[in-house]
Amino acid sequence: MTLQIERRLQQPRWLSVAVPIGSIAFAFLVMAAVLGVTGHDPLHVYRDLFDSAFIAEGALTQTFVAATPLLFTGLAAAAAFRMQVWNIGAEGQLYCGAIGAAGVALQLGPDASSPLVIFAMVICGAAAGAVWGLIPGVLKTFARTNEIITSLMLNYVAGYILTWLIFDSASYWRDLSSIQARSFPQAKPMTENAFWPTLDLGSGTSSVVIPLGFLIAIGIAVLLHVLYKHTKFGFEVQVIGDSTRAARYAGMRTRRKILAVFAISGGIAGIGGASQVGDFSHTLDADPNGLQKSYYGYTGIVVAALGRYNPFAVCLVGFLIGGLQNAGFTLQGADFPSGLVGVMQGIILFCALGGELLIRYRVRWSSDAPVAAEEVQPASVEGVP
Amino acid sequence: MSVASTVNDTLLVSVLHQALIYGTPLLFAALGELLAERSGVLNLGVEGMMLVGAVMAFWVDQRVHASTEVVLVLAVGMAALSGAILSLIHAFLVVTMRANQIVSGLALSIFAGALGLSSYLGNDLSLTDVPGNHQFQDINVFGLADVPVVGPVIFNQSALVYASWALTVVLVIYLTRTRWGLNVRAVGEAPDAADAMGINVARYRYVHVLLGGALAGVGGACFTLAIVGNWSAGVTGGAGWIAIALVIFAFWRPELCVVGAYLFGGLSALPFALQGHGYNVTPEFWSALPYVATIAVLVLVSSGWGRKRLGAPAALGVPYVREER
């Protein structure tokens, strides 16, 4: 009797729903054990967690705030990973988007009409993110450089540029209007016309405020779905992802397509940066302990992987992880040590990654020699090409 | 004041001395990552493993009451053990479960990193904002610490620095002169051929990912036991990512890791030293330089001539599935 792992000929649809849910349930069990061992009552922690993420007064509003950047970075990662492009630079592309959006908002000044400013912020954020995303893209397509490492390294470069703009230079973004501002570096504040509006639902204690960025992210998810599922471009990129050689033989222009994927991915992360400026901070947050310690880009990869790179699932998972982060932030204290959120995210993702095997492969006990399974469709997630 | 001490007070000597101190955690972590990558497994969880190694080493430092030598050895051992345990998760997911190495490694960094397990442990074991009991001290080797230039730089460092040199020599011999070492390289370059030769690919990958985790843990311990001397969340400050960069920068060769580690270590020490000597510097520029240099090197090795001579292990990042070879 040996344990056999065979590739599935067909991946049953129900499994791709059941496995993630099962993984999350299993992760919560593991987490309960960790909590129990370290002397916390897991049921108590989970109830508090759920309550401060979704139930308590104002909790849902805060969850939307926490989820918005994760939707963008999650979609950015999903857009690239689905096409076997390993852009893990959403972090840096988000910073660049924030820089671009803040720059254009300051440029347009207090007199421009609000819709124009907001539109310009989205466009410039996307453009800045796309440009930053195109660096690893160009290096990959023209110098065959592995994009994983270059996009990762560029995150740090972008972070240092962001800090430098406000803390160590007299840049356009920095507020130099008063003596105080010159000695305590800070970014120029935005004027009201650059504040993004919100969608307010309900009233009184049950009101929920949804930021514009969240709605834009949902819109992007729809566009991504259409682009990848219902256009020639999407089909071609999918073929290139599966086999670059086959795509080239079929006459597809592989370089352009891969560059486009980098630009799309970076652009989405860039709009995430614009949303940070327009929706929440209303200034360029360059503090090394601020935006740069939020790790939205890396968490976005978790979100994308949990959502199995499906745009709509990414939005759902982003919302749930946002809830987890929001609750972790609210609850932080003796009963809920800091760091628990990261641990939970990690465990959930480990379980989901393990569960992926069950979707792609069949595990069974058998007594006979292994039968080579015929490969019908390439797996959606494979290692580095 | 003697001539020697005047020379040894100069900017150059102090930067060189600091370069070795800051470079040592990078060297340990990079040598570990190099072992994993040479066996074909990319582990992006270095930062997380370093942080957990750092916090667990400091825990031993705080809780164990014995002579300094015993405590420090136990602390480093604990750091290695915790790093190895964490890397076991990665090894299981990518070798046995054939999961995506990038996502799994990043998950490990998130799980164990500054917002995860390391910070949880640091808080739960109440290790934040307490001074360390024991620390690695600089050793005056052969009494040569006062010799101009080489004295402070080479003969007056902590045991960790000398251990990292010994480790580098061992790894060079291991990878080029021993059967196991050659097998590791075969597993990383052509796992199907290695398998056909009767090498157990999965076992080699497990062992080297675990060794890599252990060394990352030791690298983290350098911070809490020597450089910083206490624990705070995120104490490694991104050294794990620089270590990943360093492996590429060193063309996957241990001996070049030493050069790269001290270069990158020097770059992180230089802005402070320059400021201390009254120069006006842009710290962000120097901090970003290792990352930019790594990108430049990566471009160099990925095209044309460099790819064959200096490039990454051919099977890096690719899961090995015997039935599908």
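Going by the structure above, here's the rest.
Below or above, wherever it landed, is the structure these notes cover. (Residues numbered from 1 in each chain as written. Chains lettered and ligands numbered in written order. Predicted model: local features only at pLDDT ≥ 70, side-chain atom pairs only at ≥ 80, totals over all residues.)

### Digging into the interface of chain B and chain A
One widely used convention gives an interface's size as the accessible area the parts lose upon coming together.
(1) Moving on: On the chain A side, the residues contacting the 45 residues of chain B number 48 residues.
(2) Moving on: A per-element tally of the side of chain B that touches chain A places helix H14 (residues 283-302) of chain B first, with 11 residues.
(3) Moving on: Grouping the constituent residues of the side of chain B that touches chain A by class yields 26 nonpolar, 14 polar and 5 charged. (Contact = placed C-beta atoms within 7 Å. Helix = DSSP H or I, 4+ residues; strand = E, 2+ residues; numbered from the N terminus. Nonpolar A, V, L, I, M, F, W, Y, C, P; charged D, E, K, R; others polar.)

### Examining the packing of helix H3 (residues 59-81) of chain A against helix H11 (residues 254-281) of chain A
Residues and elements named next belong to chain A.
(1) Moving on: With their axes 7 Å apart at the nearest point, H3 and H11 run at an angle of 170° to one another. If you check the angle between H3 and H11, you find them roughly antiparallel. Between H3, through Val 65, Thr 68, Pro 69, Phe 72, Thr 73, Leu 75, Ala 76, Ala 79 and Ala 80, and H11, the contact on the second element is made entirely by Val 261, Ile 264, Ser 265, Ile 268, Ala 269, Ile 271, Gly 272, Ser 275, Gln 276, Asp 279 and Phe 280.
(2) Moving on: Looking at the contact of H3 with H11 residue by residue, the classes come out as 13 nonpolar, 6 polar and 1 charged. (Axes fitted to C-alpha atoms, helices over the stretch in contact; angles between N-to-C directions. Parallel < 35°, antiparallel > 145°, perpendicular 65-115°, else oblique.)

### With respect to the environment of Arg 8 of chain A
Residue and element names in this part refer to chain A.
(1) Moving on: Among the secondary structure elements, Arg 8 is positioned in the loop between strand S1 (2-7) and helix H1 (13-37).
(2) Moving on: Among the residues examined, Arg 8 registers 16 C-beta atoms within 10 Å and is labelled partly exposed.
(3) Moving on: In sequence terms Arg 8 and Leu 201 are 193 residues apart; their C-alpha atoms lie 46 Å from each other.
(4) Moving on: With near-sequence residues (within four places) excluded, Arg 8 lies in contact with Arg 360, Tyr 361 and Arg 362. (Buried ≥ 20, exposed ≤ 12 C-beta atoms within 10 Å, placed from the backbone.)

### Thoughts on the environment of Ile 199 of chain B
Residue and element names in this part refer to chain B.
(1) Moving on: Along the chain, Ile 199 turns up in the loop between helix H10 (191-196) and helix H11 (201-227).
(2) Moving on: Judged by local crowding, Ile 199 falls into the partly exposed class, with 18 C-beta atoms found within 10 Å.
(3) Moving on: Considered as a pair, Ile 199 and Ala 57 are 142 residues apart in the sequence and their alpha carbons are 35 Å apart.
(4) Moving on: Those residues in contact with Ile 199, other than ones at most four positions away along the chain, are Asn 183, Ala 186, Val 187, Ala 194 and Tyr 204.

### Quick look at helix H4 (residues 90-108) of chain A
Two residues of an α-helix separated by three or four positions point the same way, owing to the 3.6 residues in each turn.
All names here are of chain A.
(1) Moving on: Look at H4: 27 Å from first C-alpha to last across 19 residues, which is about the 27 Å you get at 1.5 Å a residue.
(2) Moving on: Along H4, 17 of the 19 residues are buried, which leaves the element largely enclosed by surrounding structure.
(3) Moving on: After H4 finishes, the residue Gly 109 shows a positive phi value of roughly 75°. (Expected span 1.5 Å × (residues − 1).)

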